[in-house]
Amino acid sequence: MEKILINIGMIGCGRATELHINAYRHVKDITPVYKKIASSSYEKALKGKEIYGFETACHDVDEIIDDPEIDVVDICTPPSCHDEEIIKALAKGKHVICEKPMTGYFGEPGDISPIGLNVSRGDMYRRLMTNMEKLKKAVAESKGCFMYAENFVYAPAIQKMAEIITEKKSRILCMKGEESLKGSSSPVAGSWCKTGGGTFTRTGGHPLSAVLWLKSIEAAARCVDIVPESVIADMGYITKILTPYEHRHIMADPVDVEDFGVCSITFSDKTKAVIMATDTLLGGSRNYVEAYCNDAVLMGTLTMNDMMSTYFLDEDRLDNVYLSEMLPSKLGWNRPFIIDEIVRGYVGEMQDFMECAAYGRSPASGFELAYDTAKLTYAAYRSAEEGCRILLNEEN
């Protein structure tokens, strides 16, 4: 059988790029070809070319988007760059993979800086919705496929939950989801103008998308319509109460974003979901989704799982041994990440995306999920600021 080749143009050279490349290497029956990589500087692009094995490097994003040999444009840039890159790539008929979040609010002319302290969440929400209509139009008019890089959807635990819900036609009555850690290694994570929000955007978007996707799976299995109806939320900047000494183990350093966020979603079938995200968790990262159904309890743990435990009295010769994300020390007891790229869904994600590009079908994680996640995120921000429930299907 002739090999199917899919030419990849990568935009970005950060952590997301590393995760995507590691997942591409596991794709079966289709061969991703690393054609071209771009970054914010040519030096970074050259370094990425050498590390990941791309054929060429460039500084200008348009060189990738305009290249007729490129089949898929993989966007792993900061969120503030996504809108322009998505629209340009789709206009050229490219398939687009976009890292989360798809979009957000990053400021407009006339805003007072820092925008997270000076622009109302209501204004952010309304402007976001206007901008997302432009993205929706670009997706609808393009011959390319939009693929939303939400790895939680493809995590084996979440996929098994979806299989059970589909077969049993279970009714999900309540869900809980969380991603928490001790902050971000990104130097811009504390600034709203770069990230479009704090921990609720950066980490909470994962369980939020998984919850929305699982409800869509339930709706399809039972042949009913279920949509998010309203959201009520609370956000906070907790780490500001700490002295520099007390803060020493936590990486979160917000300028104008939250380091704690929680929201409760009500769906149109009157069921509920709770999403939590914090930058105050030490000892690694915590990722899970739980579904309490009328005939089952389903608990999906991505991390910290118990597939393996380690105990070390020293860290001799462990420099090149990766145990866990956001783990400052390997001493004592730990739960290492095992086949992390599979357990957290990256391999399943890229397998699906490559098949979509090769065979012209729609991804499990696509534009609708990206749209709903962004809308709910900013509705939650608005709810927290205004102290009230936000109705999602009314003009606001």
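Bear in mind the structure is a predicted one, so any value in this text is a computation, not a measurement. (Residues numbered from 1 in each chain as written. Predicted model: local features only at pLDDT ≥ 70, side-chain atom pairs only at ≥ 80, totals over all residues. Heavy atoms only, no water.)

**Q** Could you give an account of the overall build of the protein, with specific residues and numbers?
**A** Scanning the protein from N- to C-terminus turns up 13 helices and 15 strands. With the C-alpha coordinates aligned to their principal axes, the bounding extent of the protein is approximately 55 × 55 × 55 Å. The buried share of the protein, taken over its 396 residues, is 56%. Surface summary for the protein: the accessible area is close to 18,000 Å², and the carbon and sulfur share equals 53%. If the 43 positive side-chain charges of the protein are averaged to one point and the 58 negative ones to another, these points end up 2 Å apart. (Helix = DSSP H or I, 4+ residues; strand = E, 2+ residues; numbered from the N terminus. Buried < 20%, exposed > 50% of the residue type's maximum accessible area, 1.4 Å probe, protein only. Areas by Shrake-Rupley, 256 points an atom, 1.4 Å probe, with all protein chains shown as cover. Lys, Arg positive; Asp, Glu negative; His and termini not counted. Charge placed at Lys NZ, Arg CZ, Asp CG, Glu CD.)

**Q** I'd like a description of the packing of helix H1 (residues 15-24) against helix H12 (residues 346-359), backed by residues and values.
**A** It is at 8 Å that the axes of H1 and H12 come closest, and there the two elements cross at 70 degrees. Between H1 and H12, the crossing angle belongs to the class labelled roughly perpendicular. Listed contacts from H12 to Leu-19, His-20, Ala-23 and Tyr-24 of H1 are Tyr-346, Val-347, Glu-349, Met-350 and Met-354. (Axes fitted to C-alpha atoms, helices over the stretch in contact; angles between N-to-C directions. Parallel < 35°, antiparallel > 145°, perpendicular 65-115°, else oblique. Contact = heavy atoms within 4.5 Å.)

**Q** Talk me through helix H10 (residues 205-222); I want residue IDs and the actual numbers.
**A** For H10, spanning 18 residues, the distance from its first C-alpha to its last is 26 Å, which sits close to the expected 26 Å at 1.5 Å a residue. For H10, a buried count of 15 out of 18 residues is recorded, marking the element as mostly surrounded by other parts of the structure. Phi for Cys-223, located one or two positions after H10, is positive at around 55 degrees. (Expected span 1.5 Å × (residues − 1).)

**Q** Residue-level account of the pairing of strand E11 (residues 286-293), with values.
**A** Regular strands place side chains that alternate from one sheet face to the opposite one. Of all the eight residues making up E11, six are buried; the element is thus mostly covered by neighbouring parts of the structure. In terms of strand pairing, strand E7 (residues 172-180) meets E11 through eight bridges, oriented antiparallel. Directly across from Glu-179, in E11, lies its bridge partner Asn-287. With six bridges connecting them, E11 and strand E12 (residues 297-303) associate as antiparallel partners. Within the sheet, the bridge partner assigned to Glu-290 lies in E12 and is Met-299. Remark: three residues form the turn of the hairpin made by E11 and E12, two consecutive strands paired antiparallel. (Pairing = 2+ DSSP bridges.)

**Q** Go over the sheet that holds strand E5 (residues 95-99), please, and point to the residues and values.
**A** Strand order in this open sheet of six strands is E3-E2-E1-E4-E5-E6, and the pairing throughout is parallel. In this open sheet, the two strands that pair with only one neighbour each are strand E3 (56-58) and strand E6 (146-149). For this sheet, the mean angle separating the axes of adjacent strands, direction not counted, is 25 degrees. Direction of pairing for strand E2 (residues 30-38) relative to E3: parallel, over a ladder of three bridges. Counted as the bridge partner of Lys-36 is Thr-56 from E3. Contacts between helix H2 (residues 42-52) and the sheet are confined to E2 and E3, with E3 contributing the most and set at about 160 degrees to the helix.

**Q** Could you give me a rundown of the pattern of salt bridges, with the residues and numbers involved?
**A** In total, this model carries 27 salt bridges according to the counting rule given. Glu-141 serves as the salt-bridge partner of Lys-137, at 2.9 Å between the closest nitrogen and oxygen. Linking Lys-137 with Glu-141, this pair stays in helix H6 (residues 121-141), spanning four residues, or about one helical turn. Under the relative-accessibility criterion, Glu-141 is labelled exposed at 57%. In this structure, the salt-bridge partner of Glu-325 is Arg-344, at a minimum N-O distance of 3.1 Å. Linking Glu-325 in the loop between strand E13 (310-312) and strand E14 (332-334) with Arg-344 in the loop between helix H11 (340-343) and H12, this pair joins segments that are 19 residues apart in sequence. Taken individually, Glu-325 and Arg-344 each receive the classification buried, so the pair is uniform in this respect. (Salt bridge = Lys/Arg side-chain N within 4 Å of Asp/Glu carboxyl O.)

**Q** Account for the environment of Gly-14, naming residues and giving values.
**A** Of note, Gly-14 is situated in the loop between strand E1 (4-11) and H1. Spatially, the C-alpha atom of Gly-14 lies 9.4 Å from that of Ser-186, the residues being 172 residues apart in sequence.

**Q** Describe H12, with residues and values.
**A** End to end, H12 covers 20 Å across 14 residues, agreeing with the expected 20 Å (1.5 Å per residue, within 8%). Of all 14 residues in H12, ten are buried; the element is thus mostly enclosed. Burial in H12 covers these residues: Tyr-346, Val-347, Glu-349, Met-350, Gln-351, Asp-352, Phe-353, Met-354, Cys-356 and Ala-357.

Geometric descriptors of this kind do not, in isolation, establish any biological role.
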